[in-house]
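# Topology and contacts: notes
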Amino acid sequence: GPLLLYVLDVMELPDPVLPQLPALLSPDVPAAGVLVVGNKVDLLPADCRGHLGRLRQRVAAACAQAGLRGAALVDIRLVSAKTGYGMEGLVSRLQRSWKCAGDVYLLGATNSGKSTLFNTLLRSDYCKSRAPDIIDRATVSPWPGTTLNLLKFPIINPTCDRIFRRQERLKEEATKTEDQLSSEEKKYLNQLKKQGYLVGEVGRTFQQQKSSAEIDFDPDMLSYSMDEDPVDPPKKFEEREEFTHNEVKDARWCFDTPGIVKEDCVLNLLTEKEVKLVLPSHAIVPRTFILKPGMVLFLAALGRIDYLEGEKPAWFSVLASNLLPVHVTTLSNADAVYEKHTAQEFLKVPMGGEERMKEFPPLVPQDITLKGIGTTEAVADIKLSSAGWVAVTAHAEEELLLRAYTPKGTALVLREPPLLPYISTIRGARIPGTPAYRTKKPPSFVENLRSTGSR
């Protein structure tokens, strides 16, 4: 039976599509099960030691709640398809499923990173060595419905010899330090470090040998008179390389599928330019504010949290795209700020002025009551649809009355327990005269390199 590889954006927990998966495991078409891949872990800062273990527990709890348990749940893996973190481990796990799995289908909601995962697997040991030169890559785009064709690549048969050679390569690479990498590898690694907290490398053990082709050129085409412009030589038709019948007659395939559109999602209301601002593309730098009752926090014009009642100040930590502005004002000024600055540069998203706001839904409130558990541990996340979330930290036993807003028709979720409970501790000094703390970006960690120079 087929193996379903479900790609889940860890920031989107609770995942809205996950509960639909058990229905795909039909008794009429027995499947090998579901392997859940928690993607985009590179974007989240480590709020304490062992944060990945806690994230995995949260994904496991979500799977159990959705009815995925026992034999139906093959495994849970945390990766970054973009930076490569955890990908070699995922490839090894997929190769161990060879005996029990037929074809593999990548499923996932839009913007979960499914197509990026497909492209990363395409250039890994999971794929036949000739395939990257033949198979089209999946289009990576924030816009739903961009994967229109059912893309696929042939999976390599993990024979004992191939497994041994792959393990030898991984052992050799794990002994290296960053200083032993080539200048190109260092440059690429540093680029990934700027984009994510967790970084890995996806290598290939089995390379397709390419013959060195002679360069064929016409010397007359390289010369031209001063009176005429140079003309590009006519392009020769290059015959597309194809698989032979023997290569694919018994092959198992990995299929990419179109993303599943999430209902009640704020991204469905946005233009492509706005979506690119809202979806984090680099490691999220947490922004923490200390608010008193009567203060309001805006996340762009896509979310708003009012601190209505409480005895003491509380900490509000924003985890969202670094490109989205956060503004704090008083309750008495909040409506005026929204009216004046919505669709303008101050609040940034949505953008387009009065004409844009005629079609954009109004913000709708929802009251929330929380009881604090301590000044270093958040009690809950207020998830403002897919725009991001705010972790609320309050004094022990302190009761807070909050009012949170998201655009009409989008989901506001109270996530208890929070995804990163100790996130408020990742902050710099208080900025004098403001409710904000200076931001602090934790260091990156490189997987499968010796620790010297990898932090």
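Residues numbered from 1 in each chain as written. Predicted model: local features only at pLDDT ≥ 70, side-chain atom pairs only at ≥ 80, totals over all residues. Heavy atoms only, no water.

### Overview of the packing of helix H2 (residues 87–96) against helix H4 (residues 160–174)
Filter applied, for reference: Axes here refer to lines fitted to C-alpha atoms; in helices the fit is confined to the stretch in contact. Angles between the N-to-C directions go from 0 to 180 degrees. What counts as a helix is a DSSP run of H or I of at least four residues, what counts as a strand is a run of E of at least two, and both are numbered from the N terminus. In these notes the angle categories are as follows: under 35 degrees is roughly parallel, over 145 is roughly antiparallel, 65 to 115 is roughly perpendicular, and the rest is oblique. A clockwise turn of the near helix away from the far one marks a right-handed crossing, whereas an anticlockwise turn of less than a right angle marks a left-handed crossing. Contact definition: two residues touch when any of their heavy atoms are within 4.5 Å. As a working rule, the residues Ala, Val, Leu, Ile, Met, Phe, Trp, Tyr, Cys and Pro are called nonpolar, Asp, Glu, Lys and Arg charged, and the rest polar, with Gly in that last group.
Axis separation between H2 and H4 bottoms out at 13 Å; the angle between their running directions is 165°. The orientation of H2 relative to H4 falls into the category roughly antiparallel. As H2 packs across H4, the resulting crossing turns out to be left-handed. Within the contact between the two elements, H2 uses Glu88, Val91, Ser92 and Gln95 and H4 uses Ile163, Arg166, Arg169 and Leu170. Of the residues in the contact of H2 with H4, the class split is three nonpolar, two polar and three charged.

### As for the environment of Phe346
For clarity, the threshold we go by: With a 1.4 Å probe rolled over the protein chains alone, any residue whose accessible area is under 20% of its type maximum counts as buried; one over 50% counts as exposed, and the rest are partly exposed.
Structurally, Phe346 is set in the loop between helix H8 (331–341) and helix H9 (353–359). Taking relative accessible area as the criterion, Phe346 reaches 35% and is therefore assigned partly exposed. A sequence separation of 19 residues divides Phe346 from His327, and the C-alpha atoms of the two residues are 8.8 Å apart. Ignoring any residue separated from it by four or fewer positions in sequence, one finds Phe346 in contact with Pro325, His327, Val337 and His341.

### Digging into the pattern of salt bridges
We count it as follows: By definition here, a salt bridge exists when the distance from a side-chain nitrogen of Lys or Arg to a carboxyl oxygen of Asp or Glu is within 4 Å.
With the rule as written, the count across this model stands at 25 salt bridges. Linking Glu355 and Lys358 is a salt bridge whose minimum nitrogen-to-oxygen distance equals 3.0 Å. One end of the pair is Glu355 and the other is Lys358, both in helix H9 and three residues apart, which spans about a single turn. Residue Lys358 is classed as exposed on the basis of its relative accessible area, which comes to 65%. What emerges from the salt-bridge pattern is a single network uniting Glu88, Asp125, Arg166, Arg169 and Glu173.

### Some thoughts on the side chain of Glu173
Secondary-structure assignment places Glu173 in helix H4. Those residues within four positions of Glu173 in sequence are excluded, and the remaining contacts are Asn448 and Leu449.

### Some words on the pairing of strand S2 (residues 33–39)
As a reminder of what qualifies: Here the rule is simple: two strands pair whenever DSSP picks up at least two bridges between them.
With seven of seven residues buried, S2 lies mostly within the body of the structure. By the alternation rule, side chains of S2 split into Gly33, Leu35, Val37 and Asn39 and Val34, Val36 and Gly38, which are all buried. Where strand S1 (residues 3–9) meets S2, seven bridges bridge the pair, whose relative direction is parallel. Considered in S2, the bridge of Leu8 is made with Gly38.

### Some thoughts on the confidence of the model for the protein chain
The cut-off we apply is this: Confidence scores labelled pLDDT are given residue by residue by the predictor and lie between 0 and 100.
Summing up the model confidence of the protein chain, the mean pLDDT is 87 and the portion of residues at 70 or higher is 84%. Taken as a whole, residues 211–217 scores under 50 in pLDDT and shows two contacts with residues more than four places along the chain or in a different chain. Scored below 50 in pLDDT, residues 219–226 shows six contacts in the model against residues more than four places distant or in partner chains.

### So, the sheet that holds strand S7 (residues 252–256)
The six strands lie next to each other as S3-S2-S1-S4-S7-S5, forming an open sheet whose pairing is mixed. Of all the strands in the sheet, just strand S3 (73–78) and strand S5 (152–155) have a single pairing partner and so form its edges. With strand direction ignored, the average angle separating the axes of adjacent strands in the sheet is 20°. As paired elements, S1 and strand S4 (residues 104–108) share five bridges and run parallel to each other. When the sheet's bridge partners are listed, Leu4 is paired in S4 with Tyr105.

### Some words on the sheet that holds strand S8 (residues 287–291)
Read from one edge to the other, the open sheet built from five strands follows the order S8-S11-S15-S14-S17, with strand pairing classed as antiparallel. Edge positions in the sheet fall to S8 and strand S17 (412–415), since each has one partner strand and no second. On average, each strand axis in the sheet is tilted by 20° relative to the strand beside it, whichever way the strands run.

### With respect to the packing of H2 against helix H3 (residues 114–122)
Closest axis-to-axis distance for the H2/H3 pair is 11 Å, and the angle between their directions is 75°. One way to sum up the angle between H2 and H3 is to call them roughly perpendicular. Between H2 and H3, the residues in contact are Met87, Leu90, Val91 and Leu94 and Leu117, Thr120 and Leu121, respectively. Its residues assigned to classes, the contact of H2 with H3 shows six nonpolar, one polar and no charged.

### Quick word on the packing of aromatic side chains
Quick note on the threshold: Note on aromatic contacts: the rings of Phe and Tyr and the six-membered ring of Trp form a pair at centre separations within 6.5 Å, being stacked when their planes are under 30 degrees apart, edge-to-face when over 60 apart, and tilted otherwise. Either the NZ atom of lysine or the CZ atom of arginine qualifies as a charge over a ring when it sits within 6 Å of the ring centre and within 35 degrees of the ring normal.
Scanning the entire structure with this criterion turns up five aromatic pairs. On the numbers, 6.3 Å between centres and 10° between planes, the contact of Phe298 with Tyr338 is stacked. Remark: Tyr338 occurs in helix H8 and Phe298 occurs in strand S9 (residues 295–299); sequence separation between them is 40 residues. The burial state of Phe298 is the same as that of Tyr338; both residues are buried. Here the aromatic cluster, defined as three or more aromatic residues joined through ring pairs, consists of Phe118, Tyr126 and Phe153. Here the guanidinium or amino end of Arg427 rests over the ring plane of Tyr437, the centre of that ring lying 4.3 Å away. Residue placement shows Lys441 over the ring face of Tyr197; its charged tip is 5.9 Å from the ring centre.

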